[in-house]
Amino acid sequence: MQLHLPLPELTLAEAGAALPAPSHRIFCNRSLRLDRVQWIGFDMDYTLAVYDQPEMDRLSIAVTVKKLVEQGYPEALLSMPFRTDFAIRGLLVDRKLGNVLKMDRYRYVKRAYHGLRELSLEERRRLYHSRRLRPASKRYHWVDTLYALSEVAVYVAVIDALEVGGQDVDYSQLFADVRAAIDASHQDGSILDTMLADLPRYIRRDDDMPRTLHKLRSSGKRLFLLTNSHAAYTERMMDYLFEHGPSEYPSWRNYFEVIITAAKKPSFFTESAPLMETGEGEGQEAEQIERGKIYAGGHLALLERRLGAGGDRVLYVGDHIYGDVLRAKKESAWRTAMIIQEMDAELMALESCGAQVERMDELDDVRDALYDDLHEHQVRLKEVSRARDVLHAAGQTCTDLDSARVLHRHAIDRLKARLRSADAEYTRLEAEVGRAFHPFWGPVFKSGPEVSLFGNQVEQYACLYTARVSNFDSYSPMHYFRSPRDRMPHEH
Ligand SMILES: [Mg+2]
């Protein structure tokens, strides 16, 4: 049984030092020596700035729905409820059929919903299991940011609302409309302005974070900020986040050697855009990168020239698997750390399900043993039946063979009954454990007994992953993060 989250063995802290509490741990997929890292770069949104997800979802949903109604969608949408707890990261929207899917690492669809109705195994088989699904094709939309959760919540709710009224829904058009509405809300300021007007409501400020950055700097590391947010927004947000930092830092700018906004990741890593001044020199191309100034745009080679380092001397900390982690890794050989806000809830659910998970492990062994026994009796029954048929054909009978057949048959019936009951118990426990993680989708990192597609990407592209930036505070800036994956299964 492998229902455990794919958390590798916990990274050992320095010899003799106690491991941090689970929610403060940094997990390691690929070994990393922090003492060799000279530069640490940070993304801002959902990395340094942690948003309150339900508040953000409520805000995004309200402005999106308002825009949809302005476009001609029914007014009833304005007063209907939306499930902000429906979507999780790692889902796939099937724009053609209006379904939302969760896959395992083999791209096998393990769960699916149409609106808020879960598809049966039969439906999933018919729709998704006959050929290998291609998540990158146009038909599908990969939900890989926390920003995108609200659009999924709106999409499923509107499908339900329209279909209950007997309306035919063009699922693809609806999804395009929802996306356009939310993009417009970001651009026209409906979301950003509301947030900036009430940051304490929308941001869960981590007051340990400034000290963590100070500790990293004190150990000789240099920091940079690389965000897609625009300069003005970045300034407002960073002012708020670093309001209560150590007194050596009169401004958040003092923490960073280089500050780049409007970076347009992931194309920052692959294309070559000019680096622009902001503020007084706005509109002019920057000739050099000065400490304390805020720039916009630019590209990887230019930044690395300024850092005087690249490759594995740089650790980039971000939350977006594609924009931050995957591209940084593929194009630049930077080391990566992924901030996964969902970690706390996942770890808590995992802990609360310890007894069930243990029982499921036992049941796995029980089922394996029962299958072996069953198989053996079935083979024997065949042999005995064949021998009996040969005798029969020769006009003879053998009572021993007859009674052996009866014995094997009874054993087979008994074993099948025990298997059925073990299967039923396993299914019940699996559902219980799933609900402890998430009412609709179960764990973010797992899909049934397999690692989910999302978990798989975290494993592949994030050298380290953790719940929050301030978790670096629990480790020495010289820490050697060791991956348990340095060994193959046969070496254990
Ligand atoms: Mg981000």
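Predicted model, so just to flag it, every value in this text is computed and none were measured.

Rules of the game
Residues numbered from 1 in each chain as written. Predicted model: local features only at pLDDT ≥ 70, side-chain atom pairs only at ≥ 80, totals over all residues. Pairing = 2+ DSSP bridges. Helix = DSSP H or I, 4+ residues; strand = E, 2+ residues; numbered from the N terminus. Contact = placed C-beta atoms within 7 Å. Axes fitted to C-alpha atoms, helices over the stretch in contact; angles between N-to-C directions. Domains from an automatic or database assignment. Nonpolar A, V, L, I, M, F, W, Y, C, P; charged D, E, K, R; others polar.

1. Observations concerning the pairing of strand E6 (residues 109-114)
(1) Moving on: Looking at chain direction, strand E5 (residues 99-103) and E6 are connected through five bridges and run antiparallel. In the strand pairing of E6, Asn99 is matched with His114.
(2) Moving on: Where E5 hands over to E6, the hairpin turn is made up of five residues, of which Arg107 adopts a positive phi near 65°.
(3) Moving on: Here E6 runs beside strand E7 (residues 117-118); their pairing, made up of two bridges, is antiparallel. Note on E7: the bridge partner recorded for Tyr113 is Glu118.

2. Considering the sheet that holds strand E4 (residues 91-94)
(1) Moving on: One open sheet holds the five strands; their spatial order is E7-E6-E5-E4-E8, and the pairing between them is antiparallel. The sheet terminates laterally at E7 and strand E8 (140-143), the two strands that pair on one side only.
(2) Moving on: Against the sheet, helix H3 (residues 149-164) makes contact with E4, E5, E6 and E8, and its axis sits at roughly 40° relative to E4, the strand it touches most.

3. Re the domain arrangement of the chain
Accessible area lost upon the coming together of the parts is a frequently used measure of interface size.
(1) Moving on: Its domain assignment divides the chain into domain 1 (26-50 + 203-342 + 456-486), domain 2 (53-199) and domain 3 (354-443).
(2) Moving on: The centre of domain 1, based on its C-alpha atoms, is set 30 Å off from the matching centre of domain 2.
(3) Moving on: Residue-level contacts link 11 residues of domain 1 with eight residues of domain 2.
(4) Moving on: Looking at the side of domain 1 that touches domain 2, the elements that each hand over two or more residues are helix H8 (231-241) and helix H11 (321-332).
(5) Moving on: For the side of domain 1 that touches domain 2, the element with the highest residue contribution is H8, accounting for three residues.
(6) Moving on: The residue makeup of the side of domain 1 that touches domain 2, split by class, is six nonpolar, three polar and two charged.

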